[in-house]
Amino acid sequence: DSADSQLIKDFIKDGKIVPVEITIRLLLKAMEKSETKKFLIDGFPRSLNNRDGWDQQVGDQAQVAFCLNFECTEEELEKRLLKRGETSGRADDNIESIKKRFVAFQEQTKPVLDYFKDQGLLRSVQAAQPMEDVWAETKALFIGLHPPPEE
């Protein structure tokens, strides 16, 4: 457990976004340790503050190819999260936290998607379709992206 772990757990349980400084510090630490230089960062940025923090702290050190968004109705998401909560042990897989997360998404994350859309960098996949179709659409977005170097 890191010094930030309890703080992070509390933010998640309350359906809040973890402070950008902590998130970026942890992301950069993981990226620096990695043998690869290509990353898919799940769930970030979640707010314009996160995006601005990334720009300020990371700048040109990393190129963002696109923002991947899985679209799904709140009703379907609620059903899936409650089902996951039956076995996940996660503190935020309960109806109260889920409702808070939906509000946080509309207020804080939706503007990030709008930003990436305005930049021509938003790629969306309908997530309510069968899993195989979601995977096929998702995989297609990565084909040809940063091809491996020629040997």
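In what follows, the structure referred to is the one given above.
Here we summarise the structure given alongside this text. (Residues numbered from 1 in each chain as written. Predicted model: local features only at pLDDT ≥ 70, side-chain atom pairs only at ≥ 80, totals over all residues. Heavy atoms only, no water.)

## Re the overall build of the chain
Link 1 in the chain: A count of helical and extended segments in the chain gives six helices and two strands.
Link 2 in the chain: Ordered by position from the N terminus, the helices and strands of the chain form the series α-α-α-β-α-α-β-α.
Link 3 in the chain: For the chain, the spread of C-alpha atoms along the principal axes amounts to about 50 × 40 × 30 Å.
Link 4 in the chain: A separation threshold of at least 6 residues defines the contact pool for the chain, and within that pool the share at least 24 residues apart is 59%.
Link 5 in the chain: Summed over all atoms, the accessible surface of the chain reaches about 10800 Å², with 53% contributed by carbon and sulfur.
Link 6 in the chain: Here the chain contributes 22 positively and 28 negatively charged side chains, and the mean placements of these two sets differ by 3 Å. (Helix = DSSP H or I, 4+ residues; strand = E, 2+ residues; numbered from the N terminus. Contact = heavy atoms within 4.5 Å. Areas by Shrake-Rupley, 256 points an atom, 1.4 Å probe, with all protein chains shown as cover. Lys, Arg positive; Asp, Glu negative; His and termini not counted. Charge placed at Lys NZ, Arg CZ, Asp CG, Glu CD.)

## Some thoughts on the pattern of salt bridges
Link 1 in the chain: What the rule picks out here adds up to eleven salt bridges.
Link 2 in the chain: Across the pair Asp-92 and Arg-101 runs a salt bridge whose closest N-O atoms are separated by 3.3 Å.
Link 3 in the chain: Across the pair Asp-114 and Lys-110 runs a salt bridge whose closest N-O atoms are separated by 3.0 Å. Residue Asp-114 and its partner Lys-110 are located together in helix H5 (residues 95-118), separated by four residues, close to a single helical turn.
Link 4 in the chain: One continuous salt-bridge network, built from bridges that share partners, spans Arg-84, Arg-90, Asp-92, Asp-93 and Arg-101. (Salt bridge = Lys/Arg side-chain N within 4 Å of Asp/Glu carboxyl O.)

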